[in-house]
Amino acid sequence: MTGRTTGRTPGQRVADAAEERLRRWRLVLGGDQADGTGHALSGRDAAMDGALTALYGKGATPRAGRDRAAGLGASAPAVARWLGDIRTYFPSSVVQVMQRDAIDRLGLATLLLEPEMLQAVEPDVHLVGTLLSLNKALPETTKETARAVVRKVVEDLERRLATRTRAALTGALDRSARTGRPRHHDIDWNRTIAANLKHYLPEHRTVVPERLVGHGRASRSVKKEVVLCVDQSGSMAASVVYASVFGAVLASMRSLETRLVVFDTAVVDLTEQLDDPVDVLFGTRLGGGTDINRALAYCQSRITRPAETVVVLISDLYEGGIRDEMLKRVAAMRAAGVRFVTLLALSDEGTPAYDREHAAALAALGAPAFACTPDLFPEVMAAAIEKRPLPIPDAG
């Protein structure tokens, strides 16, 4: 770009910028008669326009550089070529959006049942959600490929999220275990000195420790219990994916006892599979109704140390069960000492559609409901463990 602009006059640079704007608008508008650009495409631009046309057009056959027309149809070879094209012409983030649009707009989900399709796609959280919704329909020839796609996404998420999650929760667990009346061999001398510096006696060159800070003997055993209760209705697909990854990370921490429960109108305890989040995901069943009350009843029955337990309900709160009973269970758990957290979503997509009446009722019980990104989740869990205010993001 530098070589192209060097030595060009200001007028030529203005003309180049105007031409680039026309080119971009032409690609956006699609070449219909009303686009008004009068800009012709060739080479790579024409090929890019053809890929966009195949997905976002309105006719039957794509024609590169001409009127937009939806041309993917249901042909597996054509879709495979198109998937390869968009990975050539667009960055990964754009490819993922286009794949999602192709599945939603053109009904291509069933083509994902074919191994060659799965090998051609760009794996991401939304693709995993689609595969999980098709789980029961996957033929044997596709299952291993589907698991490989899901595993790639899961491993990428674990690499991004695990270290920060363990660090945040280890610190929270350590702070929650400290005691002001430690035994001699449990005293944390560094923190004790720091806490008593105001009691330094210059004439004796010493600190008088009026308050002792201890490591806490609980640091060598399970200190907290975490229950992840996850709505597996179809709208919660991304949340299910992230919850399975976080569940595996939490389960790997010896000082936490983690339980993962998924539900629709039935309740499934996937705790025994937490060592492999891929197994967890293929143990879910996206879709169906919702019975939050039944799921919370199961979770409540498994709590043995309420004051040391954090329950995280991940749901859009569209309850198909008994609403009043659901709220009574939340109130009872909170009264027993359980820290109850309600997440409307655990994803990067912002706040979803949710039942505002139920959210308000939970907030009145001291369990405010809010959407949480994966990056914020470790901070939310750390605050819940330490029993301090949750870092609730601004609604705006």
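Residues numbered from 1 in each chain as written. Predicted model: local features only at pLDDT ≥ 70, side-chain atom pairs only at ≥ 80, totals over all residues. Heavy atoms only, no water.

K.L.:
I'm lost on helix 13 (residues 323–335) in this one. Help?
P.N.:
One turn of the α-helix equals 3.6 residues, which is why residues spaced by three or four share an orientation. Helix length check: helix 13 (13 residues) gives 19 Å between terminal C-alpha atoms against 18 Å at 1.5 Å per residue, within 8%. On the buried face of helix 13, the contacting elements are helix 12 (292–301), strand 6 (309–314), strand 7 (339–346) and helix 14 (356–364). (Helix = DSSP H or I, 4+ residues; strand = E, 2+ residues; numbered from the N terminus. Expected span 1.5 Å × (residues − 1). Contact = heavy atoms within 4.5 Å.)

K.L.:
Any chance you could explain the nonpolar core here in plain terms?
P.N.:
One broad rule of soluble globular proteins: the nonpolar side chains tend to lie buried together. With 84 residues, the main nonpolar core has Trp82, Val312 and Phe377 as its most contacted residues. Cys229, Ile303, Leu313 and Met326 belong to the second-largest nonpolar core, a separate cluster that totals 24 residues. (Core = buried A, V, L, I, M, F, W, Y, C linked by side-chain atoms within 4.5 Å. Buried < 20%, exposed > 50% of the residue type's maximum accessible area, 1.4 Å probe, protein only.)

K.L.:
Just to check I follow, could you spell out the packing of helix 12 against helix 13 for this structure?
P.N.:
Closest axis-to-axis distance for the helix 12/helix 13 pair is 8 Å, and the angle between their directions is 25 degrees. Between helix 12 and helix 13, the interaxial angle falls into the category roughly parallel. Both helix 12 and helix 13 take part in a crossing whose hand is left-handed. Listed contacts from helix 13 to Ile292, Asn293, Leu296, Ala297 and Gln300 of helix 12 are Glu325, Met326, Arg329, Val330, Ala332 and Met333. Of the residues assigned to the contact of helix 12 with helix 13, the class counts are 7 nonpolar, 2 polar and 2 charged. (Axes fitted to C-alpha atoms, helices over the stretch in contact; angles between N-to-C directions. Parallel < 35°, antiparallel > 145°, perpendicular 65-115°, else oblique. Left-handed = near helix turned anticlockwise from the far one by under 90°. Nonpolar A, V, L, I, M, F, W, Y, C, P; charged D, E, K, R; others polar.)

K.L.:
Is there a simple way to think about the sheet that holds strand 8 (residues 369–372) in this case?
P.N.:
Taken in spatial order, the 6 strands line up as 5-4-3-6-7-8 in an open sheet, and their pairing is mixed. The sheet terminates laterally at strand 5 (267–269) and strand 8, the two strands that pair on one side only. Direction aside, the axes of adjacent strands within the sheet are offset by 25 degrees on average. Here 5 bridges tie strand 6 to strand 7, and the two strands are oriented parallel to one another. Bridge pairing in strand 7 places Val311 opposite Phe340. (Pairing = 2+ DSSP bridges.)

K.L.:
Would you explain the pairing of strand 7 in this entry?
P.N.:
Remember that side chains alternate between the two faces of the sheet whenever the strand is regular. Of all 8 residues making up strand 7, 8 are buried, and the element is well covered by its neighbours. What joins strand 6 to strand 7 is helix 13, and the crossover it makes is right-handed. Pairing analysis gives 4 bridges linking strand 7 to strand 8, with the strands arranged parallel. Looking across to strand 8, one finds that Leu346 is bridged to Cys372. (Right-handed = clockwise from strand over helix to strand, strands pointing away.)

K.L.:
How do you make sense of the packing of helix 13 against helix 14 when you look at a structure like this?
P.N.:
Helix-helix packing: each pair is described by the crossing angle between the helix axes and the interaxial distance. Where helix 13 meets helix 14, the closest approach of the two axes is 10 Å, and the angle between their N-to-C directions is 30 degrees. On the basis of the axis angle, helix 13 is roughly parallel to helix 14. In the crossing of helix 13 with helix 14, the sense of the turn from one axis to the other is right-handed. Across the interface between the two elements, Arg323, Met326, Leu327 and Val330 from helix 13 touch Glu357, His358, Ala361 and Leu362 from helix 14. Each residue belonging to the contact of helix 13 with helix 14 can be placed in one class, and the counts come to 5 nonpolar, 1 polar and 2 charged.

K.L.:
Help me out: how do you make sense of the side chain of Asp355 in this one?
P.N.:
Among the secondary structure elements, Asp355 is positioned in the loop between strand 7 and helix 14. Buried charge Asp355 goes without a salt bridge, the closest partner of opposite sign being Arg323 at 6.2 Å. For Asp355, the contacting residues outside a window of four places in its chain are Asp316, Leu317 and Tyr318. (Lys, Arg positive; Asp, Glu negative; His and termini not counted. Salt bridge = Lys/Arg side-chain N within 4 Å of Asp/Glu carboxyl O.)

K.L.:
I keep staring at the side chain of Arg339 and nothing clicks. Help me out?
P.N.:
Its place among the elements puts Arg339 in strand 7. As a buried residue without a salt bridge, Arg339 has its nearest oppositely charged side chain in Glu386, at a separation of 9.4 Å. In this structure the side chain of Arg339 is engaged in a polar contact, spanning 3.0 Å, whose partner is the backbone oxygen of Arg388. Leave out the neighbours within four places in its chain, and Arg339 touches Thr309, Val310, Val311, Ala383, Ala384, Lys387, Arg388, Pro389 and Leu390. (Polar contact = N/O pair within 3.5 Å; in protein donor to acceptor, adjacent residues only side chain to side chain.)

K.L.:
Could you clarify how one ought to interpret helix 12 in this entry?
P.N.:
Of the positions making up helix 12, those classed as buried are Ile292, Asn293, Ala295, Leu296 and Cys299. An end-on view of helix 12 places all buried positions within 160 degrees of arc, on one side of the element. On its buried face, helix 12 sits against strand 3 (224–231), strand 4 (256–263), strand 5, strand 6, helix 13 and strand 7. (Arc of directions from axis to C-beta.)

K.L.:
In this structure, what is going on with a nonpolar patch on the surface? I would like to understand it.
P.N.:
Together, Trp189, Ile193 and Leu197 line one region of the surface with nonpolar side chains, adding up to about 310 Å² of accessible area. Here Leu197 is to be found in the loop between helix 9 (189–195) and strand 1 (200–201). What makes Leu197 exposed here is its relative accessible area of 52%. (Patch = residues over 30% accessible without salt bridge, like charges linked within 9 Å, V, L, I, M, F, W, Y side chains within 5 Å. Areas by Shrake-Rupley, 256 points an atom, 1.4 Å probe, with all protein chains shown as cover.)

K.L.:
Even after reading the chapter, I still don't get the pattern of salt bridges, so can you show me in this structure?
P.N.:
A side chain of one charge can pair with a side chain of the opposite charge when the charged atoms of the two come close. Tallying each qualifying case throughout the model produces 16 salt bridges. For Arg159, the salt bridge identified is with Asp156, shortest N-O distance 2.2 Å. Here the residue Arg159 and the residue Asp156 both occupy positions in helix 8 (residues 140–177), the gap between them amounting to 3 residues, near one helical turn. Classification of Arg159 by relative accessible area gives exposed; the value is 59%.

K.L.:
Is there a simple way to explain the pairing of strand 4 in this structure?
P.N.:
For strand 4, the buried fraction is high: 6 of the 8 residues fall into the buried class. Taken together, the 8 bridges between strand 3 and strand 4 define a ladder with parallel strand orientation. Residue pairing for strand 4: Cys229 is matched across the bridge by Val261. Remark: the strand 3/helix 10 (residues 237–251)/strand 4 crossover connection has right-handed handedness. Of the pairings in the sheet, the one linking strand 4 to strand 5 comprises 3 bridges and is antiparallel in character. When the sheet's bridge partners are listed, Val261 is paired in strand 5 with Asp269. The turn linking strand 4 back onto strand 5 is made up of 3 residues.

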